[in-house]
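Reading the structure
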Amino acid sequence: MSFFSNFSSDHCPGTITGNPLNGLCEKVCIQAEKIFDAGIIQTRLEGYSVELTNPTPATPTYPLSFISARSLSSEGTVTGLNVERQTDGQFARIQAKVSIPVEIVYLDAAGVEGKATGNVSITEDVLMYVPPASVMPFTVTAIASCVSPEGSWDSATNSFVISACLTVILKVAMQVELLVPSYGYCAIPPAQEYSQEVCSGFFELPLYPQGKACSRK
């Protein structure tokens, strides 16, 4: 059992049936991240140089042959943030550098596969809604993903020159306390344990092969 495994209860999340006001019992204050605005940027980088750090094995045999690269996490690091409010008071010009940690897989000159970390950075200059001035500050965060299908080794700089596809979602957010209607606490059903019957299928086999019966004359 779980929330979504054939378990129906008025105190479990799921599709509302009937009057949605039925069962409301209190107003609850919850702490959450409120997203005031968000926007997605997708772009392709060509000829981008990535320096390698923390190679594994530690001493590869150069030169290296590129295999692939992709982001290590979904979080981008925002630095150099500059927020310039516009005259309308609602929107702001947001300039920032978003860095994405990536893992690069390669083959060294001895044919040994290795991997190393690096960073892919992109500068953003966008217009987004920002909340009015308040005691609680808003933050600009980034969700980012990067994948690189091709690259080459640059012996002059000991780095990879790659082509990369980037997706960056910038968010204007703030930690707030929200008052929301509630149906009360969730009822947590017992989890259904995974089991695999290793003999299933084997015990169902016939004792002897099934075929055309022998006829005796």
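Right, let's walk through the structure included here. Source: prediction; values computed, not measured. (Residues numbered from 1 in each chain as written. Predicted model: local features only at pLDDT ≥ 70, side-chain atom pairs only at ≥ 80, totals over all residues. Heavy atoms only, no water.)

Moving on, we get to the nonpolar core. The biggest cluster of nonpolar side chains holds 30 residues, and the ones touching the most others in it are Val120, Phe160, Leu166, Val168 and Leu170. At the level of secondary structure, the elements contributing two or more residues to this core comprise strand 1 (26–51), strand 3 (65–71), strand 5 (91–107), strand 6 (113–129), strand 7 (139–154) and strand 8 (159–182). Excluding anything up to four places from it in sequence, Leu166 contacts Ile41, Gln42, Thr43, Leu45, Ile100, Val120, Ile122, Ser145 and Cys146. (Core = buried A, V, L, I, M, F, W, Y, C linked by side-chain atoms within 4.5 Å. Buried < 20%, exposed > 50% of the residue type's maximum accessible area, 1.4 Å probe, protein only. Helix = DSSP H or I, 4+ residues; strand = E, 2+ residues; numbered from the N terminus. Contact = heavy atoms within 4.5 Å.)

This paragraph deals with a nonpolar patch on the surface. Taken together, the side chains of Ile16, Leu21, Leu24 and Tyr183 make up a nonpolar region of the molecular surface, amounting to roughly 380 Å² of accessible area. Structurally, the position occupied by Ile16 is in the segment before strand 1. The class for Ile16 is exposed, based on a relative accessible area of 53%. (Patch = residues over 30% accessible without salt bridge, like charges linked within 9 Å, V, L, I, M, F, W, Y side chains within 5 Å. Areas by Shrake-Rupley, 256 points an atom, 1.4 Å probe, with all protein chains shown as cover. Salt bridge = Lys/Arg side-chain N within 4 Å of Asp/Glu carboxyl O.)

As a further point, take the packing of aromatic side chains. Here the structure, examined in full by the defined rule, presents five aromatic pairs. Measuring from centroid to centroid gives 6.3 Å for Phe91 and Tyr129, while their planes differ by 85 degrees, and the two rings are edge-to-face. Of this pair, Phe91 sits in strand 5 while Tyr129 sits in strand 6, placing them 38 residues apart in sequence. Judged by its relative accessible area of 31%, Phe91 falls in the partly exposed class. Residue classification places Tyr129 among the partly exposed residues on the basis of a relative accessible area of 24%. For the ring pair Tyr106 and Phe160, a centre distance of 6.3 Å and an interplane angle of 40 degrees mean the geometry is tilted. With Tyr106 in strand 5 and Phe160 in strand 8, this residue pair connects regions lying 54 residues apart in the sequence. A network of ring pairs unites the aromatic residues Tyr62, Phe66, Tyr106, Trp153 and Phe160 as a single cluster. (Phe/Tyr/Trp six-rings, centres within 6.5 Å; stacked < 30°, edge-to-face > 60°.)

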